[in-house]
Amino acid sequence: MHRLTVLYRHLSSNLVVKPGFLRINQQLGGGLKQIKLEKASSEAMESKVECRYDNIIKSAEDNRLYRGLLLKNGMKILIISDSTTEKAAAAMDVHIGSLSDPWNLPGLAHFLEHMLFLGTKKYPSENAYMQYLSEHGGSSNAFTSGQHTNYYFDVGCEHFEGALDRFAQFFLCPLLNEEVSEREVNAVDQENTRNVKQDNWRLFQLQKSTSKKNHVYTKFNAGNKNTLQTIPLQEGVNVREELLNFHSKYYSSNIMALAILGKDSLDTMESMIVDLFGSVENKSVEIPVWLEHPYGEEQVQVEYNVVPVKDLRQLNISFAIPDMSEHYKSKPSHYLGHLVGHEGVGSLLSELKSQGWVNMLYGGEKAGAKGFSFFTVTVDLSEEGLDHVEDIITHIFQYLNMLHKECPQEWIHKECQDLDNMRFQFKDKERPSSYVMMTVANLHEYPFTEVLSADYTMSEYRPDLITMILGLLTPDKARISVVSKSFEGKTENVEKWYGTEYNVKKVPADVIQKWQNAGLNPKFSLPARNDFIPTDFSIVPNEEGSPAFPTLIKDTPMSKVWHKQDDTFLLPKACYFIDITSPLSYLDPLHTNLTRLFTVLVKDALNEYAYAAEIAGIGYSLDSTYYGLYLNISGYNDKQDILLKKVLEKLTNLQIDVKRFEVLKEMYSRMLKNFSAEQPHQHAVYYTTVLMSELAWTKDELSNSMEEVTVERLKAFIPQLLSRLHVEALFYGNLSKQRALEVVDMIENELKNTCSTKPLLASQLVKRREIQLPDGCYFQYRKCNDVHDSSGIEMYYQVGLQETENNMLLELLCQIISEPCFDTLRTQEQLGYIVFSGVRRSNGVQGFRVIIQSNKPPSYLDCRVEAFLAQMKELIINMKDEEFERQVSALVVKRSVKPKKLTTQCRKYWSEIISGQYHFDRDSVEIACLKTITKDNLIDFFNKYIDANASQRHKISVHVKPTVTADEPDSSENMTDKPVDGIVLTEPVVVTDVTYFKSGLSLFPRPASYIDSLAPAKSKL
């Protein structure tokens, strides 16, 4: 697979934007346009604007309006007007990050990112910003990378100006209070603790830590309590002063970029922001550039043997290359990544798979920072592959030699260019917050006119640059890492920040020589021209009076087919969602594993063929489910049926490759076992699902049955699986009803003609149900996590079957509770970095849940949540009418947001189909109901289901704690359930046997369908 990396690019090495009309206009792409505003639009605003750009290149399908602003303080701003948006959004990207941390304060930039949320001089309350957003249907987030700190939010359009005012204060006058910083450092520490046992973080930091000594790339970006509190205290460093200094030194308007999106006109939004952000001080900060690469002579021709946390086997080869961002119009790294990561006939991956050595391959440029970059090739190794690392590397250099011999090919560049142009022209719309967050950094890197298009531009063909990079991918410049559990107990080094165990050794000169003399391999060749690239982009005419929602167009014992021709997005794309039901697929752990391996082998056998379709924008997925198989075809509708036909042929006539079976079986077995290393909060969520489902095979049960999985059993099972089936499908997008019926006929004919498939009985189509908890119960289930040092908890308060009024009461309760839950339990009480509250829905049953990951015992977390819920009861009772109405309006805003992508809309319809509820008009019906709900209704709901003394309270809590070492007592023994804040908690019934627990409880019925399945789809209350 070609690694598509978002690169942070620059226009010139040390560009500092200062006043100077002609020079600025030239640097930012020309096309400067003086726009005459109404006189009333104020001279004050004009005095802060250096220039405007209205000629921003956008795709033909993009109906939004754009304007670029360069303020006189050097800040770059992109304004986006979208008259159809339900939410407004903004993102600020400060072009400074953790690579600029002081050496004695690792993580300071990240810590500052946390602190800016917690009060400003104008809005001093710690949760003023978050509370305002929550009360008006909004949300926010931020991230810190090596060279960027990005803050973003969304909110209801009517409250955009108020949100922008609060947001601007981050960059004008943050408080950074001492007391708050002492508390918030715990959140940074717990965020780091969450990542300490995650292999992706560990391997990334190991690559950094073992780079050239004293290079900024070696820095520890995340920070923890030691680096930000304990050590600074010992050394007499005032961390608050350092936060203020960092903000004062680097948070300069000339390295800030702002993107905003709203419903108002460009002029109106410009007037909103110019005064606010034009006041940010320009400190003339130069964006750092590091022309010295972190790989020197000592960092290449070396091999690292690394011990992972999970049972991973991975080979990574990394090369130093220059920062190629200035060559964004030719993208030479993209050209090479396209070829090295190709998966078709003649590719590197195909040959390595045929040898039985690898399962997956990723290749391409990996961003470093301004001044340097990397080119990497990463493969997932099989057991046999681990013994053939040298041979695999030989093959990699043979493939690179083939690219040298063939020289850069202009037709390949043109094909990549055409694909990128197509992606740009028919680009899906994103959610407002995602769009501004992803677009804003481009303001630093490209001319204003190209901020939307540059990532999709390949207008220049530069074979010299391709050849130059290829010349750097040589054995004497390679850095190798091999990741495997087989190195456990054989290492001598430990990485400082994450504790990763590793060895390092020099690659022998004779091995380097062997790779240099690798020569050519006749199995390798350039890919063929891609016949899957669409050529027909016409939009199918919609019939007059076409239905607003999916319509049932076929209903037989063999299939139930839904169709909706798109009349919203009007793109040449379509989705086929196909559910193939078989009662054998989840019969027992063995059958579940056989079904999963069947789908894995089909996808593996199709990989060479389907990869061309994938890069041409026509994708498919095939997975096993509780009920059988799920097949999805999506993307450009032209040539979709060609791909579907090939998938069906392979599905119904799979010839099992024994070698690939063994490799993929072993990989799947490892995946099951690796679940034990997932995060504690993920374990809590998983075990809640196991406890509440009528039937759920555990990872352990599946893992234990893998010994029974053989080629012979699978060969015997596949015809049985396909002998009796039922198909339910949704066709949505740029296709007519007639075409949908033709596709279904193709599916049915392939199954009947090849597998003699017959329909299932109606009684075999019954969906599984959810466990019904008894009134007044409190169950507790306890598990240990053997890998992580944190605990995790999910507390679930079951309400009952989904139905319109209860759905809205539950969602409104979650809307009101969400922000105070985060503020109280995460920010104030510092229970953990992960604190979440919200709705849980499964099998038509719903309830309220709280999820926490913490360094405190689960029993303590349980108590604190109960204390918080008691406070929430008082908050709701004492809530003023206008505040209650604000919360209702905020939820209305959230529920009114329409899908921005065709695939998202299709998934929304599909969720109604697979649930059996078919409530296609759910949003409008439930919003209408929501507007009738009173505060008394909500109090009654709380008293009935959530209150500690509620008559119909149904609570189950899953506690996951770290395994206690032999010489360390279990701290939770001293923190049993007891009165908290005056609340007497019910003693839990501890579940020790899941099967016994379920056998004594009733099951909910399935929720009623909202339509008569034989009539056109109509919603009802």
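Residues numbered from 1 in each chain as written. Predicted model: local features only at pLDDT ≥ 70, side-chain atom pairs only at ≥ 80, totals over all residues. Heavy atoms only, no water.

### Re the packing of helix α27 (residues 804-828) against helix α28 (residues 858-877)
Under the convention used in this document: Only the contacting stretch of a helix is used when fitting its axis, a line to C-alpha atoms as for every element, and angles between N-to-C directions run 0 to 180 degrees. Helix numbering and strand numbering both begin at the N terminus, where a helix is a DSSP run of H or I of at least 4 residues and a strand a DSSP run of E of at least 2. For this classification, under 35 degrees means roughly parallel, over 145 means roughly antiparallel, 65 to 115 means roughly perpendicular, and everything else is oblique. Left-handed describes a crossing in which the near helix is turned anticlockwise from the far one by less than a right angle; the clockwise case is right-handed. The contact criterion used is simple: two residues touch if any of their non-hydrogen atoms lie within 4.5 Å. Each residue gets one of three labels, nonpolar for Ala, Val, Leu, Ile, Met, Phe, Trp, Tyr, Cys and Pro, charged for Asp, Glu, Lys and Arg, and polar for the others, Gly among them.
One can describe the packing of α27 onto α28 by two numbers: an axis separation of 11 Å at closest approach and a directional angle of 130°. The orientation of α27 with respect to α28, classified from their angle, is oblique. Here α27 runs over α28; the crossing is right-handed. On the side of α27, the interface is formed by L813, I816, I817, P820, C821, T824 and L825, while α28 contributes R864, V865, F868, L869, Q871, M872, L875 and I876. A class-by-class count of the residues in the contact of α27 with α28 yields 12 nonpolar, two polar and one charged.

### Some details on the sheet that holds strand β9 (residues 313-322)
Note the cut-off: At least two bridges found by DSSP between two strands is the condition for calling them paired.
Judged by pairing direction, the sheet is mixed, and its seven strands sit side by side in the order β10-β11-β9-β12-β8-β14-β13 without closing on themselves. Looking at strand neighbours, the two that pair on one side only are β10 (358-369) and β13 (493-494), the edges of this open sheet. One ladder, built from five bridges, connects strand β8 (residues 302-306) with strand β12 (residues 478-484); its direction is parallel. Bridge pairing in β12 places Y304 opposite S481. In the packing of helix α14 (residues 389-406) onto the sheet, the strands contacted are β9, β10, β11 (372-381) and β12, and the crossing angle to β9 comes to about 40°.

### A look at the packing of helix α3 (residues 108-115) against helix α6 (residues 178-196)
Running from amino to carboxyl end, α3 crosses α6 at an angle of 120°, the nearest separation of the two axes being 10 Å. As α3 packs across α6, the resulting crossing turns out to be right-handed. Contacts from H110, F111, H114 and M115 of α3 reach α6 at V180, S181, E184, V185, A187, V188 and E191. Among the residues making up the contact of α3 with α6, the classes are represented as six nonpolar, three polar and two charged.

### Points about the pairing of strand β27 (residues 954-962)
Applied cut-off: For each residue, the accessible area found with a 1.4 Å probe, counting protein chains only, is set against the maximum for its type, and the residue is called buried under 20%, exposed over 50%, and partly exposed in between.
Most of β27 sits out of view: seven of its nine residues are buried. As defined by bridge partners, strand β23 (residues 777-785) adjoins β27 across nine bridges and the pair is classed as parallel. The residue bridging C784 from the neighbouring strand is K961, located in β27. Direction of pairing for strand β24 (residues 791-801) relative to β27: antiparallel, over a ladder of six bridges. Residue M795 lies in a different strand from β27, and its bridge partner there is S957.

### Here we look at the environment of C814
Relative to the elements of secondary structure, C814 occurs in helix α27. Judged by relative accessible area, C814 falls into the buried class, the value being 8%. Residues C814 and P572 lie 242 residues apart in sequence; the distance between their C-alpha atoms is 38 Å. In this structure, C814 is in contact with G838, V839 and F848, ignoring residues within four places of it in sequence.

### Structural notes on the packing of aromatic side chains
As a reminder, the rule being used: By convention, a stacked pair of Phe, Tyr or Trp rings (six-membered ring in the case of Trp) has centres within 6.5 Å and planes under 30 degrees apart, an edge-to-face pair has planes over 60 apart, and any other such pair is tilted. Placement of a positive charge over a ring is assigned whenever Lys NZ or Arg CZ falls within 6 Å of the ring centre and within 35 degrees of the normal to the ring plane.
Applying the stated criterion across every chain, the model contains 49 aromatic pairs. Note on F537 and Y636: the rings are 6.2 Å apart at their centroids and 80° apart in plane angle, and the pair reads as edge-to-face. With F537 in the loop between α19 (509-516) and β15 (551-555) and Y636 in strand β19 (residues 628-636), this pair connects stretches of sequence that are 99 residues apart. A network of ring pairs unites the aromatic residues F117, Y129, Y151, F153, F160, F167, F170, F171 and Y251 as a single cluster. One residue, K573, lies across the ring of Y636, its end atom 5.3 Å from the ring centre.

### With respect to the layout of surface pockets
The condition that has to hold: Put plainly, a pocket is an open set of points on a 1 Å grid over the protein atoms alone with protein on both sides within 12 Å along at least five of seven lines, a cavity is a set where a 1.4 Å probe fits but cannot get out, and a lining residue has an atom within 4 Å of a point. Grid points are joined across faces, edges and corners, and a volume is the space filled by probe spheres set on the points.
By volume, the second largest pocket is sized at about 620 Å³. Residue lining of the second largest pocket: 31 residues in total, with T581, Q764, L765, V766 and K767 positioned closest to the centre. If you list the elements that add at least two residues to the lining of the second largest pocket, you get β17 (573-581) and β20 (724-733).

### Considering helix α16 (residues 432-439)
Across the eight residues of α16, six count as buried, placing the element largely inside the fold. Structurally, α16 contributes buried residues whose contacts are with β2 (65-71), β3 (76-81), β4 (87-94), β6 (149-156), β7 (256-262) and α17 (442-445).

### Examining the confidence of the model for the chain
Going by this rule: The predictor attaches a confidence to each residue, called pLDDT, with possible values from 0 through 100.
On average, residues of the chain score 93 in pLDDT, and 93% of them reach the 70 mark or higher. The low-confidence segment residues 3-41, where pLDDT is below 50, has 99 contacts with residues more than four positions distant or belonging to other chains. The model gives residues 965-979 a pLDDT under 50, and that stretch makes 18 contacts with residues more than four places away or in other chains.

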